[in-house]
Amino acid sequence: ESDVKTSLIFNTWDTSGSMDTEIIAELIAIGKTLPEEYYEVVYSWFDTEVYDAPDFTKPQGRGGTSFECVDQVLQGKKKIFAHDYNRYSNSNKPSSREITRYPDIVIMYTDGDNFHVPTISFPERWIFIVTEKGTTKYVDQVKGATVWKL
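Scope of this entry: the structure provided in the associated data block. (Residues numbered from 1 in each chain as written. Predicted model: local features only at pLDDT ≥ 70, side-chain atom pairs only at ≥ 80, totals over all residues. Heavy atoms only, no water.)

When you go through the protein residue by residue, the secondary structure sums to two helices and six strands. Listing each helix as α and each strand as β along the protein from the N terminus yields β-α-β-β-α-β-β-β. By the burial criterion, 45% of the 150 residues in the protein qualify as buried. Sequence-distant contacts in the protein: of pairs separated by 6 or more residues, those separated by 24 or more amount to 54%. Surface accessibility of the protein: about 8,200 Å² in total, with carbon and sulfur atoms responsible for 49%. (Helix = DSSP H or I, 4+ residues; strand = E, 2+ residues; numbered from the N terminus. Buried < 20%, exposed > 50% of the residue type's maximum accessible area, 1.4 Å probe, protein only. Contact = heavy atoms within 4.5 Å. Areas by Shrake-Rupley, 256 points an atom, 1.4 Å probe, with all protein chains shown as cover.)

Here it is in structure tokens:
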């Protein structure tokens, strides 16, 4: 039996301004149930940027919403910001976390307020988990993606 974790799961929580902090906490509880002993699991926050989420204590973001920024990070076109990112500072540093290959599974926890149909790579690898009061209007149109409404 091998101890090598072969599947990479990228979890990301929508922390845009439309997401209530209590809802974010409930979605974190769902995402933390993944068996990390079997999979390489990466945790992040996103709004219009992607932020490292090393300990879940301080959600980053609270700006607009861009599903595409997550895809750009996964393609290596953008960097993940460190967990102490400050959008009003000029001294921000990227996270040391590197995504070396496109994940086998991308799980996005969101209210769905993206305001357009997102264009993403490998949509068949994406699972959108949409909040109870959120909208699936746009993510339902991503051909190949899985959408779960809570």
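With respect to burial, strand β5 (residues 126-130) is a largely interior element, five of its five residues being buried. On β5, burial covers both faces: Trp126, Phe128 and Val130 on one face and Ile127 and Ile129 on the other are all buried. Examined bridge by bridge, strand β4 (residues 105-110) and β5 share five bridges and lie parallel to one another. Of the residues in β5, the one forming a bridge with Tyr109 is Ile129. Sheet topology note: the β5/strand β6 (residues 146-149) ladder contains four bridges and is parallel. Among the inter-strand pairings, Phe128 is bridged to a residue of β6, identified as Val147. (Pairing = 2+ DSSP bridges.)

The subject of this paragraph is the sheet that holds β5. If you trace the six strands from one edge of the open sheet to the other, you get β3-β2-β1-β4-β5-β6, paired in mixed fashion. Edge positions in the sheet fall to β3 (50-52) and β6, since each has one partner strand and no second. Going from strand to strand, the sheet's axes swing by 25 degrees on average, the running direction of each strand aside. Each of β1 (8-14), β2 (40-46) and β4 is contacted by helix α1 (residues 21-31), which is oriented at about 170 degrees to β1, the strand it contacts most. Sheet contacts for helix α2 (residues 67-74): β1, β2, β3, β4 and β5; angle to β5, the most-contacted strand, approximately 150 degrees. (Axes fitted to C-alpha atoms, helices over the stretch in contact; angles between N-to-C directions.)

A few words now on a negative patch on the surface. On the surface, a cluster of negative charge is contributed by Asp20, Glu22, Glu26 and Glu132. Tracing the backbone through its elements, the reader meets Asp20 in the loop between β1 and α1. You can call Asp20 partly exposed: its relative accessible area is 41%. (Patch = residues over 30% accessible without salt bridge, like charges linked within 9 Å, V, L, I, M, F, W, Y side chains within 5 Å. Salt bridge = Lys/Arg side-chain N within 4 Å of Asp/Glu carboxyl O. Lys, Arg positive; Asp, Glu negative; His and termini not counted. Charge placed at Lys NZ, Arg CZ, Asp CG, Glu CD.)

On to the side chain of Thr12. Position of Thr12 among the secondary structure elements: in strand β1. Beyond its immediate stretch of four places on either side in the chain, Thr12 contacts Ser44, Trp45, Phe46, Val70, Ile107, Met108 and Tyr109.

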